[in-house]
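# Working through the structure, step by step
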Amino acid sequence: MNEKLLDGKRLAAEIRGEVGERVAGLAARGIVPRLDVILVGDDPASRVYVGAKARACEKLGMASGTHRLEAGAGQAAVERLVDDLNADPGVDGILVQLPLPDGYDTHAVLDRIDPAKDVDGFHPLNVGLLQQGRPALVACTPAGIMELLRREKIPVEGRRAVIVGRSDIVGKPLAMLLLHAHATVTLCHSRTRDLAAVTGQADILVAAAGKLALIGPEHVKPGAVVIDVGIHRITERETVERLFPGDEARMARFEAKGSVLAGDVDFVRVAPLASRITPVPGGVGPLTIAMLMANTVRAASLRRGIEA
Ligand code: NDP
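None of the values given here were measured: they were computed from a predicted structure.

Once that is clear, we can look at helix α12 (residues 284–303). Given a rise of 1.5 Å per residue, 20 residues ought to cover 28 Å, and the 28 Å separating the end C-alpha atoms of α12 matches this to within 8%. Looking one or two residues past α12, Gly 305 carries a phi angle of roughly 70°, positive in sign.

Here's what the structure looks like:
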């Protein structure tokens, strides 16, 4: 079983090691890459993510800033802050933690970020460059999935890749990256008819629907590589028992913390069919944050005309 597991934690550590070397190289030129994160409101999950990003920066010798605004701060205040960070020559990366509270125009905020500092890769210019196959700053989760495929030497060219989910942050940019890597790509969504018939053709199946255990064995071709992007916090004991029967380690974690994480894939039932599979937690999640660090160093280099 273990040889099937795609260990995102280990790969993320490998990537962070390489990023750390690049940070040291920049430090020798007197450059300290800096990531600034804007958090509007007090969503608990967002607070955890923002804290994790700042800590990841520190560990790599990078600088970071966290800007907290009240949920009611207003569109103009958020945009002013983006303008200030755009104008600050010491800031290399700007990230607006999503989702913004109700009432904010997310596109208007993201469109305002200087594309050269857009380490999330959500600015229309970066999205357009990706579509044209000349990526500059690419969304972190899709970029992390491509790193995982590359480092694990999973062939992509000529293979059939099916992505469940068409969001701007995961499904669509990943489709572009896989297409440029010469996969035959299909995107599924909530209106897709007979999902299992489509996903059942995948050599590489990516689940990014945000629906707990949506992907069961009926969705998976034997031998497929299965990548689970979904993150769900399970707080009911019976759900843990149903999805992870006999998994004593997971149940012990549940007892200790009152919750455990799981993905969009029914891992216990799908893993026997898959040739390789990512776990949740410890799969795609750690890669996302490692790629954010990589993007910040890349932005710091590109802005100064240094080979990234
Ligand atoms: P969104 O809610 O923005 O998009 C979900 C997509 O899945 C939509 O395109 C939707 O279709 C589709 N979908 C929903 N239900 C079904 C279904 N039953 N069958 C087929 N398609 C369906 O989600 P995100 O892309 O933002 O995130 C997806 C998941 O990934 C979440 O669990 C999120 O927490 C996780 N995530 C994890 C990250 C990581 O680092 N590991 C990073 C980002 C997200 P439609 O367009 O028709 O509505």
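With that settled, consider the nonpolar core. Ranked by size, the top nonpolar core spans 54 residues in total, and within it Leu 178, Ile 227 and Met 293 carry the most contacts. Counting residues per element, this core draws most heavily on α12, which supplies ten residues. Lining this core are residues from two domains, each supplying at least three of them: domain 1 (30–115) and domain 2 (140–285). Apart from residues lying up to four places away in sequence, Leu 178 is in contact with Met 146, Leu 149, Val 156, Ala 161, Ile 163, Ala 183 and Val 185. Val 162, Ala 224, Ile 234 and Val 265 belong to the second largest nonpolar core, which has 26 residues in total.

Moving on: the packing of helix α6 (residues 140–151) against helix α7 (residues 171–180). With their axes 9 Å apart at the nearest point, α6 and α7 run at an angle of 35° to one another. Crossing handedness for the pair α6 and α7: right-handed. Contact residues: Pro 142, Ala 143, Ile 145, Met 146 and Leu 149 in α6; Pro 173, Leu 174, Leu 177 and Leu 178 in α7. Considering only residue class, the contact of α6 with α7 consists of nine nonpolar, no polar and no charged.

Let us now look at a positive patch on the surface. A surface patch of like charges, here positive, comprises Lys 9, Arg 233, Arg 253 and Lys 257. Structurally, Lys 257 is set in helix α10 (residues 248–257).

Here Lys 4 lies in the segment before α1 (8–27). One buried charged residue, Lys 4, forms no salt bridge at all, with the nearest opposite charge on Glu 3 at 7.4 Å. Beyond its immediate sequence surroundings of up to four residues, Lys 4 is in contact with Ala 271, Pro 272, Leu 273, Ala 274, Ser 275, Arg 276 and Ile 277.

Our next topic: the sheet that holds strand β3 (residues 93–96). Spatial ordering of the open sheet is given by β2-β1-β3, a layout of three strands whose pairing is parallel. Each of the sheet's edge strands pairs with one partner strand only, and the pair in question is β2 (63–69) and β3. Recorded for the sheet is a direction-independent mean angle of 15° between the axes of neighbouring strands. With four bridges joining them, strand β1 (residues 34–40) and β3 adopt parallel strand pairing. Bridging across to β3, Leu 35 finds its partner in Gly 93.

The residue after Leu 98, namely Pro 99, is reached through a cis peptide bond having omega 0°. Here the amide bond leading from Val 280 into Pro 281 is cis, since omega sits at 0°, within 30 degrees of zero. As for its placement among the helices and strands, Pro 281 is situated in the loop between β10 (276–277) and α12. Even without a glycine there, the phi angle at Asp 194 is positive, about 50°.

Parameters and conventions
Residues numbered from 1 in each chain as written. Predicted model: local features only at pLDDT ≥ 70, side-chain atom pairs only at ≥ 80, totals over all residues. Heavy atoms only, no water. Helix = DSSP H or I, 4+ residues; strand = E, 2+ residues; numbered from the N terminus. Expected span 1.5 Å × (residues − 1). Core = buried A, V, L, I, M, F, W, Y, C linked by side-chain atoms within 4.5 Å. Buried < 20%, exposed > 50% of the residue type's maximum accessible area, 1.4 Å probe, protein only. Domains from an automatic or database assignment. Contact = heavy atoms within 4.5 Å. Axes fitted to C-alpha atoms, helices over the stretch in contact; angles between N-to-C directions. Left-handed = near helix turned anticlockwise from the far one by under 90°. Nonpolar A, V, L, I, M, F, W, Y, C, P; charged D, E, K, R; others polar. Patch = residues over 30% accessible without salt bridge, like charges linked within 9 Å, V, L, I, M, F, W, Y side chains within 5 Å. Areas by Shrake-Rupley, 256 points an atom, 1.4 Å probe, with all protein chains shown as cover. Salt bridge = Lys/Arg side-chain N within 4 Å of Asp/Glu carboxyl O. Lys, Arg positive; Asp, Glu negative; His and termini not counted. Charge placed at Lys NZ, Arg CZ, Asp CG, Glu CD. Pairing = 2+ DSSP bridges.

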